[in-house]
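Here are the chains, one letter per residue:
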Amino acid sequence: MIPGGGQSNMQQLLQQAQKMQQDLANAQEELARTEVEGQAGGGLVRATVTGSGELRGLVIDPKAVDPEDTETLADLVVAAVQAANENAQALQQQKLGPLTQGLGGGSGIPGLPF
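Residues numbered from 1 in each chain as written. Predicted model: local features only at pLDDT ≥ 70, side-chain atom pairs only at ≥ 80, totals over all residues. Heavy atoms only, no water.

1. What about the overall build of the protein?
Scanning the protein from N- to C-terminus turns up two helices and three strands. Helices and strands appear in the protein in the N-to-C order α-β-β-β-α. Taken across its 114 residues, the protein has 24% of its residues classed as buried. Accessible area for the protein stands at about 7700 Å²; split by element, carbon and sulfur atoms hold 51% of it. (Helix = DSSP H or I, 4+ residues; strand = E, 2+ residues; numbered from the N terminus. Buried < 20%, exposed > 50% of the residue type's maximum accessible area, 1.4 Å probe, protein only. Areas by Shrake-Rupley, 256 points an atom, 1.4 Å probe, with all protein chains shown as cover.)

Printed below as a string of structure tokens:
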């Protein structure tokens, strides 16, 4: 038998782990609902992604459309999506970082992007 009530300490540890797991799940749900934007070409192309990185929208200003130069438009789309994803990753760090530190820093936890 462990002195000092080892059983209640273990139960307390399990409760803390369950709370951390629930907090993490709640933060991941919030990220999936939160939308962030990235843009390129001075706003000619805007991409919207969720905080978890899912592309939700793409807006292309007609001024960006040149039938003779589709490569530039494609580059702007890629840049806008990349910028939106960088913003989503920053949001993930902000929301999940403090929670994953309590789980060992987040490295090696399945399902987490960092």
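Next, the rest of the story.
2. Notes on the pattern of salt bridges
Summed over the entire model, instances satisfying the criterion amount to five salt bridges. In this structure, K19 engages D23 in a salt bridge whose closest nitrogen and oxygen atoms are separated by 2.8 Å. Highlighted residues: K19 and D23, both in helix α1 (residues 6-33), separated by four residues, approximately one helical turn. For D23, a relative accessible area of 24% corresponds to the partly exposed category. The closest approach of N and O atoms between E37 and R46, which form a salt bridge, is 3.8 Å. The exposure class assigned to E37 is partly exposed, which follows from its relative accessible area of 41%. (Salt bridge = Lys/Arg side-chain N within 4 Å of Asp/Glu carboxyl O.)

3. A few points about the sheet that holds strand β2 (residues 45-50)
With antiparallel pairing, the three strands of this open sheet are ordered in space as β1-β2-β3. Of all strands in the sheet, those with a lone pairing partner are β1 (35-40) and β3 (55-60), marking the two edges. Put simply, the sheet's adjacent strands are angled 15° from each other on average, direction ignored. Both β1 and β2 contribute to a ladder of six bridges, which runs antiparallel. When the bridges of β2 are listed, E37 appears paired with T48. (Pairing = 2+ DSSP bridges. Axes fitted to C-alpha atoms, helices over the stretch in contact; angles between N-to-C directions.)

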